[in-house]
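# A look at the structure
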Amino acid sequence: MNNIEALNIIFENGDNILIKNEDIKDFYISNIDSKGNEIPYEQTIIKNKLYANFMLLKLNNKLLDSNVIKRIKSRNDITEVAIVFNNHKSIRFIIASNANPFAGIYNNDYEYLYEDDKSLGLLLSEYNIKYKNNLFI
């Protein structure tokens, strides 16, 4: 986490929230196969964007702004995550989704939220990860 300045969470409607490094307890983004093995990121047709089908984000909900928590919890509509590095460069990842863009409301069933007294966890994966809560303890 030393090289990351912030994460920018981008939602389907264009909203975004910037999460500063000090609010992040843990972060991992990857592309995995059905057995959980890491595979190379896929290039998208848009320059400087990669595809990731697994993201784990654990936030300190004691430090995090309550509006950020409310926005993350309000809908399952995250479409991208941008990593902003200390040198102010960034890379964007398109996140796996099963949401129908033509439905009345965008809902990505691949988003999973975990919350306890100290943490807010977010897991995005197209695979049914066993023991999801254990990833956040």
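Throughout what follows, the structure given in this document is the object of discussion. (Residues numbered from 1 in each chain as written. Predicted model: local features only at pLDDT ≥ 70, side-chain atom pairs only at ≥ 80, totals over all residues. Heavy atoms only, no water.)

## Examining the nonpolar core
Generally speaking, soluble globular proteins have nonpolar side chains that are buried together. Keep this limit in mind: To form a nonpolar core, buried Ala, Val, Leu, Ile, Met, Phe, Trp, Tyr and Cys residues must be joined to one another through side-chain atoms within 4.5 Å. Think of it in three bands: with a 1.4 Å probe and only protein chains considered, a residue is buried below 20% of the maximum accessible area for its type, exposed above 50%, and partly exposed in between. Put simply, DSSP marks the helices as runs of H or I at least four residues long and the strands as runs of E at least two long, and each gets a number from the N terminus on. Should any heavy atoms of two residues lie within 4.5 Å, those residues are counted as being in contact.
Ranked by internal contacts, the top residues of the largest apolar core, which has 26 residues, are Ile19, Phe27 and Leu57. Considering each element in turn, this core owes the most residues, 4 residues, to strand β1 (residues 4-11). Those residues within four positions of Leu57 in sequence are excluded, and the remaining contacts are Leu7, Ile9, Ile19, Ile24, Asp26, Phe27, Leu120, Gly121, Leu122 and Phe136. Within the second largest apolar cluster, 7 residues are counted, among which are Ile32, Leu56, Ile129 and Phe136.

## Things to note about the sheet that holds strand β6 (residues 49-52)
Rules: Whether two strands pair comes down to DSSP finding at least two bridges between them.
Across the sheet, which stays open at both edges, the 6 strands sit in the order β2-β1-β8-β9-β6-β5 with mixed pairing between neighbours. Here the strands that pair on one side only, and so sit at the sheet edges, are β2 (16-20) and β5 (42-43). Across 4 bridges, the pairing between β6 and strand β9 (residues 90-95) is parallel. Each bridged residue has a counterpart across the sheet, and for Leu50 the counterpart in β9 is Phe93.

## Points about the pairing of β6
As judged from the 2 bridges shared by β5 and β6, these two strands associate in the antiparallel manner. Pairing of Glu42 across the sheet is with Tyr51, part of β6. Joining the antiparallel neighbours β5 and β6 is a turn of 5 residues, in which Asn48 adopts a positive phi near 65°.

## Here's the deal with the packing of aromatic side chains
Here is the rule we go by: Between 30 and 60 degrees the pair is tilted, below 30 it is stacked and above 60 it is edge-to-face, where a pair is any two Phe, Tyr or Trp rings, Trp via its six-membered ring, whose centres lie within 6.5 Å. A ring is scored as having a charge over it whenever the NZ atom of a lysine or the CZ atom of an arginine sits within 6 Å of its centre and within 35 degrees of its normal.
Going through the model one piece at a time under the given rule, you end up with 3 aromatic pairs. Between Tyr28 and Phe54, the ring centres sit 5.9 Å apart and the planes meet at 70°, which makes this aromatic pair edge-to-face. Residue Tyr28 is found in strand β3 (residues 24-32), and its partner Phe54 is found in strand β7 (residues 54-60); the two are separated by 26 residues along the sequence. By relative accessible area, Tyr28 is classed as partly exposed at 36%. Residue Phe54 is classed as buried on the basis of its relative accessible area, which comes to 11%. Considering the side-chain rings of Tyr114 and Phe136, the 5.2 Å spacing of their centres and the 10° angle between planes classify their relative orientation as stacked. Of this pair, Tyr114 sits in strand β10 (residues 111-115) while Phe136 sits in the segment after β11 (119-125), and the two are 22 residues apart along the sequence. The ring of Phe11 has Arg71 sitting right over it, with the charged end atom 3.7 Å from the ring centre. Stacked on the ring of Tyr112, the Lys or Arg Lys132 has its end atom at 4.7 Å from the ring centre.

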